[in-house]
Amino acid sequence: MYCEVVRPAATPEHGQCHEIGTLFCRRCPMQLVFDRGTLLLRGTLRDCADLPGILWDARVGAWRAPAYHHRELSGELARRCPDFQDEVRPQLEGAQPITCPDLRPYQAAAVAAWERAGRRGIIVLPTGAGKTRAAIAAMARAGLRTLCLVPTRVLMAQWFQALAETGFKCIGEYGDGRRIEQPVTVATFASAFRNVETLGNRFDLLIIDEVHHFGAGGGDETLEMCTAAARLGLSATVPEDEMWRVRLDSLVGPVVYRASVEELAGRYLASFQLVTISVALTPSERREYDAELSVFRPMWRAFFESTPVASWSDFVSAAGKSDAGRRALSAWRRSHAIVRYCAEKREAVSDLILRHRDARILVFAADNETAYAIAREHLVQPITCDIGAAERARALERFSRGELRILVSARVLNEGLDVPAADVAIVAGGSQGSREYVQRVGRVLRPSEGKKALVYDLVTIGTFEVPRVNRHRRALASG
(Lines give C-alpha, C1' and ligand atoms only; values in the text may rest on other atoms or scores of the structure.)
Protein backbone atom coordinates (compact mmCIF):
# COMPACT_ATOMS: atom_id res chain seq x y z
CA MET A 1 0.00 0.00 0.00
CA TYR A 2 1.15 3.62 -0.54
CA CYS A 3 2.51 5.58 2.39
CA GLU A 4 1.31 9.02 3.29
CA VAL A 5 3.64 11.52 1.60
CA VAL A 6 4.53 14.97 2.89
CA ARG A 7 5.90 17.60 0.52
CA PRO A 8 9.42 18.89 1.28
CA ALA A 9 8.07 22.13 2.82
CA ALA A 10 5.87 20.28 5.27
CA THR A 11 6.94 19.32 8.79
CA PRO A 12 6.33 15.62 9.47
CA GLU A 13 4.78 14.35 12.66
CA HIS A 14 6.92 11.85 14.49
CA GLY A 15 5.13 9.71 17.01
CA GLN A 16 6.98 6.38 16.97
CA CYS A 17 8.92 7.02 13.74
CA HIS A 18 12.59 7.91 13.60
CA GLU A 19 14.63 10.64 12.02
CA ILE A 20 17.94 10.00 10.28
CA GLY A 21 19.53 12.74 8.21
CA THR A 22 16.92 14.17 5.87
CA LEU A 23 14.57 11.16 5.78
CA PHE A 24 11.53 10.93 8.02
CA CYS A 25 9.46 7.73 8.19
CA ARG A 26 5.91 7.31 9.49
CA ARG A 27 3.51 4.33 9.63
CA CYS A 28 5.57 2.04 7.37
CA PRO A 29 9.16 1.67 6.09
CA MET A 30 10.53 3.60 3.16
CA GLN A 31 10.04 1.64 -0.09
CA LEU A 32 11.56 1.93 -3.55
CA VAL A 33 9.52 0.32 -6.35
CA PHE A 34 9.75 0.04 -10.13
CA ASP A 35 7.02 1.96 -11.93
CA ARG A 36 6.98 1.79 -15.74
CA GLY A 37 10.64 2.53 -16.27
CA THR A 38 11.11 4.78 -13.25
CA LEU A 39 11.79 4.37 -9.55
CA LEU A 40 9.02 5.51 -7.21
CA LEU A 41 9.87 6.29 -3.59
CA ARG A 42 7.05 5.44 -1.18
CA GLY A 43 7.24 6.97 2.25
CA THR A 44 7.48 10.33 4.00
CA LEU A 45 10.52 12.56 3.59
CA ARG A 46 11.34 16.22 3.92
CA ASP A 47 14.35 16.98 1.75
CA CYS A 48 15.84 14.67 -0.85
CA ALA A 49 17.24 17.12 -3.40
CA ASP A 50 20.69 15.55 -2.99
CA LEU A 51 19.51 12.00 -3.77
CA PRO A 52 20.67 10.69 -7.19
CA GLY A 53 18.25 11.54 -10.01
CA ILE A 54 15.29 12.24 -7.72
CA LEU A 55 12.49 14.65 -8.70
CA TRP A 56 9.10 15.44 -7.21
CA ASP A 57 6.16 14.06 -9.21
CA ALA A 58 3.12 16.15 -8.36
CA ARG A 59 0.83 13.84 -10.35
CA VAL A 60 1.14 11.09 -7.75
CA GLY A 61 2.51 13.10 -4.83
CA ALA A 62 5.77 11.16 -4.57
CA TRP A 63 9.44 11.29 -5.46
CA ARG A 64 10.57 9.64 -8.68
CA ALA A 65 13.91 8.91 -10.44
CA PRO A 66 15.03 7.30 -13.73
CA ALA A 67 15.52 3.55 -13.35
CA TYR A 68 19.21 3.62 -14.25
CA HIS A 69 19.94 5.39 -10.94
CA HIS A 70 18.79 2.31 -9.04
CA ARG A 71 22.14 1.14 -7.65
CA GLU A 72 23.29 4.50 -6.32
CA LEU A 73 19.84 5.56 -5.12
CA SER A 74 19.09 2.33 -3.25
CA GLY A 75 22.54 2.38 -1.69
CA GLU A 76 22.07 5.91 -0.38
CA LEU A 77 18.58 5.19 0.92
CA ALA A 78 19.80 2.06 2.73
CA ARG A 79 22.55 4.12 4.36
CA ARG A 80 20.17 6.82 5.57
CA CYS A 81 17.10 4.80 6.53
CA PRO A 82 17.50 1.45 8.37
CA ASP A 83 13.89 0.44 7.58
CA PHE A 84 14.34 1.03 3.83
CA GLN A 85 12.94 -1.73 1.59
CA ASP A 86 14.12 -2.15 -2.00
CA GLU A 87 11.22 -3.69 -3.93
CA VAL A 88 12.52 -2.83 -7.40
CA ARG A 89 13.82 -6.21 -8.53
CA PRO A 90 11.40 -9.18 -8.62
CA GLN A 91 12.58 -12.64 -7.65
CA LEU A 92 13.41 -14.29 -10.97
CA GLU A 93 15.26 -17.33 -12.27
CA GLY A 94 18.99 -16.70 -12.54
CA ALA A 95 21.10 -16.98 -15.68
CA GLN A 96 22.24 -20.42 -16.76
CA PRO A 97 25.90 -21.02 -15.88
CA ILE A 98 28.08 -21.77 -18.91
CA THR A 99 31.77 -22.29 -19.53
CA CYS A 100 33.56 -19.11 -20.53
CA PRO A 101 34.59 -19.37 -24.20
CA ASP A 102 38.26 -19.27 -25.15
CA LEU A 103 39.45 -15.76 -25.90
CA ARG A 104 42.26 -14.15 -27.81
CA PRO A 105 44.64 -12.14 -25.60
CA TYR A 106 43.13 -8.77 -26.49
CA GLN A 107 39.59 -10.07 -25.91
CA ALA A 108 40.58 -11.37 -22.47
CA ALA A 109 42.23 -8.03 -21.70
CA ALA A 110 39.05 -6.20 -22.74
CA VAL A 111 36.83 -8.30 -20.46
CA ALA A 112 39.26 -7.90 -17.56
CA ALA A 113 39.31 -4.12 -18.05
CA TRP A 114 35.50 -4.05 -17.97
CA GLU A 115 35.45 -6.03 -14.74
CA ARG A 116 38.06 -3.77 -13.13
CA ALA A 117 35.85 -0.79 -14.03
CA GLY A 118 33.01 -2.20 -11.92
CA ARG A 119 31.29 -3.96 -14.84
CA ARG A 120 30.47 -0.69 -16.53
CA GLY A 121 32.04 0.56 -19.74
CA ILE A 122 32.57 0.31 -23.48
CA ILE A 123 34.86 -2.03 -25.41
CA VAL A 124 36.05 -0.64 -28.75
CA LEU A 125 37.27 -3.31 -31.18
CA PRO A 126 37.43 -3.26 -35.00
CA THR A 127 34.83 -5.04 -37.08
CA GLY A 128 35.76 -8.72 -37.27
CA ALA A 129 37.78 -8.69 -34.04
CA GLY A 130 35.21 -10.65 -32.03
CA LYS A 131 33.30 -8.12 -29.93
CA THR A 132 30.38 -10.54 -29.59
CA ARG A 133 32.60 -13.32 -28.29
CA ALA A 134 34.18 -10.98 -25.73
CA ALA A 135 30.70 -9.91 -24.58
CA ILE A 136 29.54 -13.53 -24.21
CA ALA A 137 32.63 -14.21 -22.11
CA ALA A 138 31.72 -11.24 -19.91
CA MET A 139 28.21 -12.67 -19.55
CA ALA A 140 29.56 -16.11 -18.63
CA ARG A 141 31.91 -14.68 -15.99
CA ALA A 142 29.25 -12.38 -14.49
CA GLY A 143 26.50 -15.03 -14.34
CA LEU A 144 23.76 -12.36 -14.35
CA ARG A 145 20.36 -12.16 -16.01
CA THR A 146 21.27 -10.39 -19.25
CA LEU A 147 19.44 -8.34 -21.86
CA CYS A 148 21.38 -7.97 -25.13
CA LEU A 149 20.31 -4.96 -27.20
CA VAL A 150 21.04 -4.93 -30.94
CA PRO A 151 20.04 -2.46 -33.69
CA THR A 152 18.55 -4.87 -36.26
CA ARG A 153 16.65 -8.12 -36.61
CA VAL A 154 19.56 -9.57 -38.59
CA LEU A 155 21.89 -8.91 -35.68
CA MET A 156 19.33 -10.38 -33.29
CA ALA A 157 19.46 -13.63 -35.26
CA GLN A 158 23.27 -13.60 -35.28
CA TRP A 159 23.42 -13.01 -31.52
CA PHE A 160 20.90 -15.80 -30.92
CA GLN A 161 23.05 -18.20 -32.95
CA ALA A 162 26.26 -17.11 -31.21
CA LEU A 163 24.71 -17.55 -27.76
CA ALA A 164 23.35 -20.98 -28.68
CA GLU A 165 26.71 -22.11 -30.04
CA THR A 166 28.39 -21.00 -26.82
CA GLY A 167 26.12 -23.16 -24.68
CA PHE A 168 23.10 -21.09 -23.67
CA LYS A 169 20.00 -23.30 -23.88
CA CYS A 170 17.04 -21.02 -23.25
CA ILE A 171 17.39 -17.70 -25.08
CA GLY A 172 14.63 -15.13 -25.19
CA GLU A 173 13.85 -12.86 -28.14
CA TYR A 174 12.09 -9.50 -28.39
CA GLY A 175 11.76 -8.45 -32.02
CA ASP A 176 10.70 -9.70 -35.44
CA GLY A 177 7.25 -10.54 -34.06
CA ARG A 178 8.53 -12.49 -31.04
CA ARG A 179 8.18 -11.57 -27.35
CA ILE A 180 9.87 -14.33 -25.34
CA GLU A 181 11.65 -13.53 -22.08
CA GLN A 182 14.38 -15.77 -20.68
CA PRO A 183 17.24 -15.15 -18.22
CA VAL A 184 19.30 -14.34 -21.32
CA THR A 185 17.28 -12.35 -23.86
CA VAL A 186 18.17 -10.62 -27.12
CA ALA A 187 16.08 -7.63 -28.21
CA THR A 188 16.20 -5.13 -31.04
CA PHE A 189 16.51 -1.50 -30.01
CA ALA A 190 12.99 -0.81 -31.29
CA SER A 191 11.37 -3.73 -29.48
CA ALA A 192 13.22 -3.00 -26.26
CA PHE A 193 12.03 0.61 -26.41
CA ARG A 194 8.41 -0.52 -26.82
CA ASN A 195 8.61 -3.00 -23.93
CA VAL A 196 11.06 -1.40 -21.50
CA GLU A 197 8.27 -0.41 -19.09
CA THR A 198 7.87 -4.12 -18.27
CA LEU A 199 11.38 -5.43 -19.03
CA GLY A 200 13.30 -2.62 -17.36
CA ASN A 201 13.67 -4.21 -13.91
CA ARG A 202 14.08 -7.85 -14.96
CA PHE A 203 17.79 -7.92 -15.86
CA ASP A 204 21.04 -7.21 -14.03
CA LEU A 205 23.35 -6.83 -17.04
CA LEU A 206 22.83 -4.88 -20.26
CA ILE A 207 24.92 -5.68 -23.33
CA ILE A 208 24.53 -2.91 -25.93
CA ASP A 209 25.86 -3.82 -29.36
CA GLU A 210 26.71 -0.89 -31.66
CA VAL A 211 26.43 1.34 -28.60
CA HIS A 212 27.26 4.45 -30.65
CA HIS A 213 23.57 4.55 -31.64
CA PHE A 214 22.89 5.88 -28.12
CA GLY A 215 24.03 9.07 -26.46
CA ALA A 216 22.63 11.56 -28.96
CA GLY A 217 19.09 11.52 -27.57
CA GLY A 218 17.30 9.09 -29.87
CA GLY A 219 16.32 5.97 -27.95
CA ASP A 220 18.31 6.88 -24.83
CA GLU A 221 15.16 6.31 -22.77
CA THR A 222 15.67 2.56 -23.22
CA LEU A 223 18.88 2.69 -21.20
CA GLU A 224 17.49 5.22 -18.72
CA MET A 225 14.48 2.99 -17.97
CA CYS A 226 16.55 -0.12 -17.14
CA THR A 227 17.72 -0.81 -13.59
CA ALA A 228 20.65 -3.05 -14.60
CA ALA A 229 23.77 -1.80 -12.82
CA ALA A 230 26.20 -3.83 -14.96
CA ARG A 231 26.47 -2.45 -18.51
CA LEU A 232 28.75 -3.30 -21.43
CA GLY A 233 28.75 -1.33 -24.68
CA LEU A 234 30.34 -2.61 -27.89
CA SER A 235 31.44 -0.58 -30.90
CA ALA A 236 34.05 -0.37 -33.64
CA THR A 237 34.46 3.36 -32.98
CA VAL A 238 33.08 5.74 -30.39
CA PRO A 239 31.47 9.08 -31.29
CA GLU A 240 33.80 12.00 -31.90
CA ASP A 241 31.45 14.57 -30.34
CA GLU A 242 32.44 15.33 -26.74
CA MET A 243 28.88 15.78 -25.45
CA TRP A 244 27.91 12.50 -27.06
CA ARG A 245 30.75 10.70 -25.25
CA VAL A 246 29.82 12.32 -21.93
CA ARG A 247 26.26 11.11 -22.33
CA LEU A 248 27.44 7.56 -23.11
CA ASP A 249 29.65 7.67 -20.01
CA SER A 250 26.54 8.38 -17.94
CA LEU A 251 24.34 5.73 -19.57
CA VAL A 252 26.88 2.92 -20.06
CA GLY A 253 30.29 3.90 -18.76
CA PRO A 254 33.60 5.11 -20.23
CA VAL A 255 35.72 3.36 -22.83
CA VAL A 256 37.59 0.72 -20.81
CA TYR A 257 39.48 -0.99 -23.66
CA ARG A 258 40.37 -0.07 -27.21
CA ALA A 259 42.30 -1.78 -30.02
CA SER A 260 42.73 -0.41 -33.54
CA VAL A 261 42.64 -2.05 -36.97
CA GLU A 262 46.36 -1.43 -37.38
CA GLU A 263 47.14 -3.21 -34.08
CA LEU A 264 45.23 -6.37 -35.00
CA ALA A 265 45.69 -6.60 -38.79
CA GLY A 266 48.00 -9.34 -39.97
CA ARG A 267 47.52 -11.58 -36.92
CA TYR A 268 43.97 -11.47 -35.66
CA LEU A 269 42.50 -9.68 -38.67
CA ALA A 270 43.37 -10.17 -42.31
CA SER A 271 46.27 -8.15 -43.66
CA PHE A 272 45.01 -5.41 -45.92
CA GLN A 273 46.21 -2.79 -48.35
CA LEU A 274 44.47 0.56 -48.52
CA VAL A 275 44.59 2.18 -51.95
CA THR A 276 43.35 5.72 -52.49
CA ILE A 277 42.23 6.49 -56.04
CA SER A 278 41.85 10.17 -56.80
CA VAL A 279 39.23 11.10 -59.36
CA ALA A 280 38.29 14.48 -60.77
CA LEU A 281 35.06 16.15 -61.71
CA THR A 282 34.51 16.78 -65.40
CA PRO A 283 34.47 20.47 -66.43
CA SER A 284 30.67 20.52 -66.47
CA GLU A 285 30.45 18.75 -63.12
CA ARG A 286 32.96 21.20 -61.65
CA ARG A 287 30.92 24.20 -62.84
CA GLU A 288 27.76 22.75 -61.29
CA TYR A 289 29.56 21.89 -58.06
CA ASP A 290 31.08 25.36 -57.69
CA ALA A 291 27.75 27.02 -58.50
CA GLU A 292 25.97 25.09 -55.74
CA LEU A 293 28.71 25.88 -53.21
CA SER A 294 28.50 29.58 -54.09
CA VAL A 295 24.93 29.46 -52.75
CA PHE A 296 25.76 27.37 -49.69
CA ARG A 297 29.06 28.78 -48.42
CA PRO A 298 28.04 32.39 -47.62
CA MET A 299 25.22 31.20 -45.37
CA TRP A 300 27.43 28.56 -43.76
CA ARG A 301 30.32 30.95 -43.10
CA ALA A 302 28.08 33.67 -41.69
CA PHE A 303 26.45 31.26 -39.28
CA PHE A 304 29.66 29.79 -37.87
CA GLU A 305 31.39 33.16 -37.66
CA SER A 306 28.57 34.37 -35.43
CA THR A 307 28.23 31.04 -33.56
CA PRO A 308 31.67 29.38 -33.59
CA VAL A 309 30.82 26.65 -31.07
CA ALA A 310 27.66 25.52 -32.90
CA SER A 311 27.30 22.09 -34.51
CA TRP A 312 26.19 21.07 -37.97
CA SER A 313 22.77 20.13 -36.60
CA ASP A 314 22.50 23.63 -35.11
CA PHE A 315 23.19 25.07 -38.54
CA VAL A 316 20.60 22.84 -40.21
CA SER A 317 18.01 23.84 -37.62
CA ALA A 318 18.74 27.53 -38.05
CA ALA A 319 18.89 27.37 -41.86
CA GLY A 320 15.54 25.64 -42.04
CA LYS A 321 13.84 28.73 -40.63
CA SER A 322 14.45 31.02 -43.61
CA ASP A 323 14.09 30.87 -47.39
CA ALA A 324 17.77 31.71 -47.84
CA GLY A 325 18.77 29.00 -45.40
CA ARG A 326 16.60 26.40 -47.10
CA ARG A 327 18.13 27.34 -50.46
CA ALA A 328 21.59 26.91 -48.95
CA LEU A 329 20.73 23.43 -47.65
CA SER A 330 19.27 22.42 -51.00
CA ALA A 331 22.44 23.62 -52.73
CA TRP A 332 24.56 21.63 -50.27
CA ARG A 333 22.57 18.46 -51.02
CA ARG A 334 22.89 19.00 -54.77
CA SER A 335 26.65 19.53 -54.48
CA HIS A 336 26.97 16.21 -52.69
CA ALA A 337 24.82 14.49 -55.30
CA ILE A 338 27.23 15.64 -58.01
CA VAL A 339 30.21 14.09 -56.19
CA ARG A 340 28.53 10.85 -55.09
CA TYR A 341 28.84 9.07 -58.42
CA CYS A 342 30.58 11.41 -60.79
CA ALA A 343 31.71 10.23 -64.22
CA GLU A 344 35.25 9.30 -63.18
CA LYS A 345 33.97 7.36 -60.16
CA ARG A 346 31.70 5.44 -62.50
CA GLU A 347 34.69 4.54 -64.68
CA ALA A 348 36.85 3.63 -61.68
CA VAL A 349 34.20 1.28 -60.27
CA SER A 350 33.92 -0.46 -63.65
CA ASP A 351 37.70 -0.84 -63.95
CA LEU A 352 38.07 -2.27 -60.44
CA ILE A 353 35.23 -4.76 -60.87
CA LEU A 354 36.86 -5.95 -64.09
CA ARG A 355 40.35 -6.06 -62.56
CA HIS A 356 39.18 -8.23 -59.66
CA ARG A 357 36.96 -10.54 -61.65
CA ASP A 358 37.89 -13.52 -59.44
CA ALA A 359 37.43 -11.78 -56.07
CA ARG A 360 34.43 -11.36 -53.77
CA ILE A 361 33.70 -7.65 -53.87
CA LEU A 362 31.69 -5.32 -51.65
CA VAL A 363 30.86 -1.96 -53.21
CA PHE A 364 29.83 0.78 -50.78
CA ALA A 365 27.80 3.64 -52.24
CA ALA A 366 26.74 6.95 -50.72
CA ASP A 367 23.00 6.28 -50.94
CA ASN A 368 20.43 3.80 -52.22
CA GLU A 369 20.03 5.66 -55.51
CA THR A 370 23.72 5.21 -56.30
CA ALA A 371 23.68 1.61 -55.10
CA TYR A 372 20.86 0.78 -57.50
CA ALA A 373 22.64 2.61 -60.33
CA ILE A 374 25.76 0.47 -59.81
CA ALA A 375 23.63 -2.68 -59.52
CA ARG A 376 21.91 -1.95 -62.84
CA GLU A 377 25.13 -1.07 -64.67
CA HIS A 378 26.92 -4.25 -63.60
CA LEU A 379 23.94 -6.56 -63.09
CA VAL A 380 24.91 -7.27 -59.48
CA GLN A 381 22.94 -7.81 -56.29
CA PRO A 382 22.01 -4.70 -54.25
CA ILE A 383 21.65 -5.00 -50.47
CA THR A 384 19.62 -2.04 -49.23
CA CYS A 385 16.99 -1.26 -46.62
CA ASP A 386 14.37 -1.89 -49.32
CA ILE A 387 15.42 -5.55 -49.65
CA GLY A 388 13.41 -7.92 -47.45
CA ALA A 389 15.10 -10.02 -44.78
CA ALA A 390 14.54 -13.33 -46.60
CA GLU A 391 15.94 -12.03 -49.90
CA ARG A 392 18.87 -10.44 -48.09
CA ALA A 393 19.67 -13.71 -46.30
CA ARG A 394 19.57 -15.64 -49.59
CA ALA A 395 21.86 -13.12 -51.26
CA LEU A 396 24.41 -13.30 -48.43
CA GLU A 397 24.33 -17.08 -48.51
CA ARG A 398 24.88 -17.13 -52.27
CA PHE A 399 27.72 -14.64 -51.88
CA SER A 400 29.30 -16.87 -49.22
CA ARG A 401 29.09 -19.89 -51.56
CA GLY A 402 30.56 -17.93 -54.47
CA GLU A 403 27.39 -17.94 -56.57
CA LEU A 404 27.31 -14.15 -56.31
CA ARG A 405 30.61 -12.34 -56.72
CA ILE A 406 29.59 -8.75 -55.96
CA LEU A 407 27.27 -7.05 -53.49
CA VAL A 408 26.57 -3.32 -53.53
CA SER A 409 25.11 -1.43 -50.58
CA ALA A 410 24.68 2.06 -49.17
CA ARG A 411 24.54 1.44 -45.40
CA VAL A 412 23.01 -1.97 -44.70
CA LEU A 413 26.39 -3.73 -44.83
CA ASN A 414 28.09 -1.14 -42.63
CA GLU A 415 27.43 -2.96 -39.37
CA GLY A 416 26.30 -6.27 -38.04
CA LEU A 417 26.24 -8.44 -41.16
CA ASP A 418 28.96 -11.07 -41.44
CA VAL A 419 30.43 -11.40 -44.95
CA PRO A 420 33.70 -13.25 -44.24
CA ALA A 421 34.14 -14.29 -47.89
CA ALA A 422 34.65 -10.69 -49.03
CA ASP A 423 38.24 -9.74 -49.80
CA VAL A 424 37.88 -6.53 -51.85
CA ALA A 425 36.03 -3.38 -50.80
CA ILE A 426 35.34 -0.45 -53.11
CA VAL A 427 34.30 2.63 -51.14
CA ALA A 428 32.67 4.67 -53.89
CA GLY A 429 31.01 7.22 -51.63
CA GLY A 430 29.36 7.97 -48.33
CA SER A 431 31.12 7.31 -45.02
CA GLN A 432 30.15 10.69 -43.62
CA GLY A 433 31.80 9.79 -40.32
CA SER A 434 34.94 7.92 -39.38
CA ARG A 435 32.88 5.27 -37.59
CA GLU A 436 31.10 4.31 -40.81
CA TYR A 437 34.41 4.17 -42.68
CA VAL A 438 36.03 1.86 -40.10
CA GLN A 439 32.98 -0.40 -40.27
CA ARG A 440 33.20 -0.60 -44.04
CA VAL A 441 36.89 -1.48 -44.03
CA GLY A 442 36.17 -4.09 -41.38
CA ARG A 443 33.76 -5.92 -43.67
CA VAL A 444 36.71 -7.40 -45.59
CA LEU A 445 39.01 -8.06 -42.62
CA ARG A 446 37.50 -11.32 -41.41
CA PRO A 447 40.60 -13.54 -41.27
CA SER A 448 41.16 -16.68 -43.32
CA GLU A 449 44.28 -18.56 -44.31
CA GLY A 450 46.43 -16.59 -46.74
CA LYS A 451 43.90 -13.77 -47.07
CA LYS A 452 45.10 -10.28 -47.90
CA ALA A 453 42.29 -7.79 -48.35
CA LEU A 454 42.22 -4.80 -50.65
CA VAL A 455 40.33 -1.59 -49.88
CA TYR A 456 39.90 1.00 -52.63
CA ASP A 457 38.89 4.47 -51.49
CA LEU A 458 37.60 6.67 -54.33
CA VAL A 459 38.18 10.33 -53.46
CA THR A 460 37.08 13.27 -55.62
CA ILE A 461 39.82 15.90 -55.56
CA GLY A 462 38.87 19.50 -54.87
CA THR A 463 35.74 18.50 -52.92
CA PHE A 464 34.60 17.79 -49.36
CA GLU A 465 35.84 14.20 -49.73
CA VAL A 466 39.52 15.20 -49.39
CA PRO A 467 39.49 16.34 -45.71
CA ARG A 468 37.31 13.37 -44.86
CA VAL A 469 39.87 10.86 -46.06
CA ASN A 470 42.44 12.22 -43.59
CA ARG A 471 40.02 11.79 -40.70
CA HIS A 472 39.28 8.26 -41.86
CA ARG A 473 42.97 7.29 -41.88
CA ARG A 474 43.37 8.55 -38.31
CA ALA A 475 40.31 6.55 -37.26
CA LEU A 476 41.81 3.33 -38.62
CA ALA A 477 44.94 3.93 -36.58
CA SER A 478 43.11 4.83 -33.36
CA GLY A 479 40.31 2.28 -33.36
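Right above here is the structure, for reference.
These remarks concern the structure in this document.

**As for the overall build of the chain**
Next, step 1: Check the secondary structure of the chain and you find 16 helices and 21 strands.
Next, step 2: Counting every position in the chain, which comprises 479 residues, the buried fraction comes to 51%.
Next, step 3: Sequence-distant contacts in the chain: of pairs separated by 6 or more residues, those separated by 24 or more amount to 72%.
Next, step 4: With an accessible surface of roughly 21900 Å², the chain has 50% of that area assigned to carbon and sulfur atoms.

**Quick notes on the pattern of salt bridges**
Next, step 1: A full pass over the atoms with the stated rule returns 25 salt bridges.
Next, step 2: Across the pair Arg245 and Glu242 runs a salt bridge whose closest N-O atoms are separated by 2.5 Å. Remark: Glu242 and Arg245 occur in helix 7 (residues 242-251); sequence separation between them is three residues, near one turn of the helix.
Next, step 3: Judged by its relative accessible area of 29%, Arg245 is partly exposed.
Next, step 4: Given a relative accessible area of 47%, Glu242 falls into the partly exposed group.
Next, step 5: One salt bridge connects Asp290 with Arg286, and the closest N-O pair in it is separated by 3.8 Å. Here Asp290 and its partner Arg286 are both found in helix 9 (residues 283-306), four residues apart, which amounts to about one turn of the helix.
Next, step 6: According to the relative accessible area criterion, Asp290 is partly exposed, its value standing at 39%.
Next, step 7: What makes Arg286 partly exposed here is its relative accessible area of 24%.

**Thoughts on the packing of aromatic side chains**
Next, step 1: Enumeration according to the criterion identifies twelve aromatic pairs in this entry.
Next, step 2: Between Trp56 and Trp63, the ring centres sit 5.0 Å apart and the planes meet at 75 degrees, which makes this aromatic pair edge-to-face.
Next, step 3: Taking relative accessible area as the criterion, Trp56 reaches 24% and is therefore assigned partly exposed.
Next, step 4: Look at Trp63 and you get buried, because its relative accessible area is 8%.
Next, step 5: An angle of 65 degrees between the planes, with centres 4.7 Å apart, marks the rings of Phe189 and Phe214 as edge-to-face.

**Quick notes on a nonpolar patch on the surface**
Next, step 1: On the surface, Trp300, Trp312 and Val316 cluster together into a nonpolar patch covering about 250 Å² of accessible area.
Next, step 2: Counting through the fold element by element, Val316 comes out in helix 10 (residues 312-319).
Next, step 3: Judged by its relative accessible area of 31%, Val316 falls in the partly exposed class.

**Overview of the side chain of Thr127**
Next, step 1: Secondary-structure assignment places Thr127 in the loop between strand 8 (120-124) and helix 3 (131-142).
Next, step 2: Of the residues examined, Thr127 reaches a relative accessible area of 4% and is grouped as buried.
Next, step 3: Beyond its immediate chain neighbours, meaning those up to four positions away, Thr127 contacts Ala236, Leu269, Val438, Gln439, Gly442, Arg443 and Arg446.

**Structural notes on the nonpolar core**
The nonpolar side chains of a soluble globular protein tend to be buried, and buried together.
Next, step 1: With 55 residues, the main nonpolar core has Trp159, Leu163 and Ile207 as its most contacted residues.
Next, step 2: Element by element, the count of residues in this core is highest for helix 3, at seven residues.
Next, step 3: Here Trp159 is in contact with Thr132, Ala135, Ile136, Cys148, Val150, Val186, Ile207, Asp209 and Leu234, once residues within four sequence places are set aside.
Next, step 4: Counting 38 residues, the second largest nonpolar core, distinct from the first, contains Leu293, Ala310, Ala348 and Ile353.

**A look at the environment of Pro97**
Next, step 1: Within the fold, Pro97 resides in the loop between strand 7 (85-86) and helix 2 (105-116).
Next, step 2: On the basis of relative accessible area, Pro97 is assigned to the exposed category, the value being 72%.
Next, step 3: As for Pro97 and Leu144, which are separated by 47 residues in sequence, their C-alpha atoms are 9.1 Å apart.

**Details of the sheet that holds strand 14 (residues 230-235)**
Next, step 1: Within the open sheet, the eight strands sit side by side as 11-10-12-9-13-14-8-15. Their pairing is mixed. The sheet terminates laterally at strand 11 (178-180) and strand 15 (255-258), the two strands that pair on one side only. Ignoring which end each strand starts from, the neighbouring axes of this sheet average 20 degrees apart.
Next, step 2: As paired elements, strand 10 (residues 171-175) and strand 12 (residues 184-188) share four bridges and run parallel to each other. Pairing of Gly172 across the sheet is with Thr185, part of strand 12.
Next, step 3: Along the sheet face, helix 3 touches strand 9 (146-150), strand 12, strand 13 (205-208) and strand 14 and points at about 170 degrees away from the line of strand 14.
Next, step 4: Contacts from helix 5 (residues 189-199) reach strand 9, strand 10, strand 11, strand 12 and strand 13 within the one sheet, and its direction differs from that of strand 12 by about 125 degrees.

Conventions adopted
- Residues numbered from 1 in each chain as written.
- Predicted model: local features only at pLDDT ≥ 70, side-chain atom pairs only at ≥ 80, totals over all residues.
- Heavy atoms only, no water.
- Helix = DSSP H or I, 4+ residues; strand = E, 2+ residues; numbered from the N terminus.
- Buried < 20%, exposed > 50% of the residue type's maximum accessible area, 1.4 Å probe, protein only.
- Contact = heavy atoms within 4.5 Å.
- Areas by Shrake-Rupley, 256 points an atom, 1.4 Å probe, with all protein chains shown as cover.
- Salt bridge = Lys/Arg side-chain N within 4 Å of Asp/Glu carboxyl O.
- Phe/Tyr/Trp six-rings, centres within 6.5 Å; stacked < 30°, edge-to-face > 60°.
- Patch = residues over 30% accessible without salt bridge, like charges linked within 9 Å, V, L, I, M, F, W, Y side chains within 5 Å.
- Core = buried A, V, L, I, M, F, W, Y, C linked by side-chain atoms within 4.5 Å.
- Pairing = 2+ DSSP bridges.
- Axes fitted to C-alpha atoms, helices over the stretch in contact; angles between N-to-C directions.

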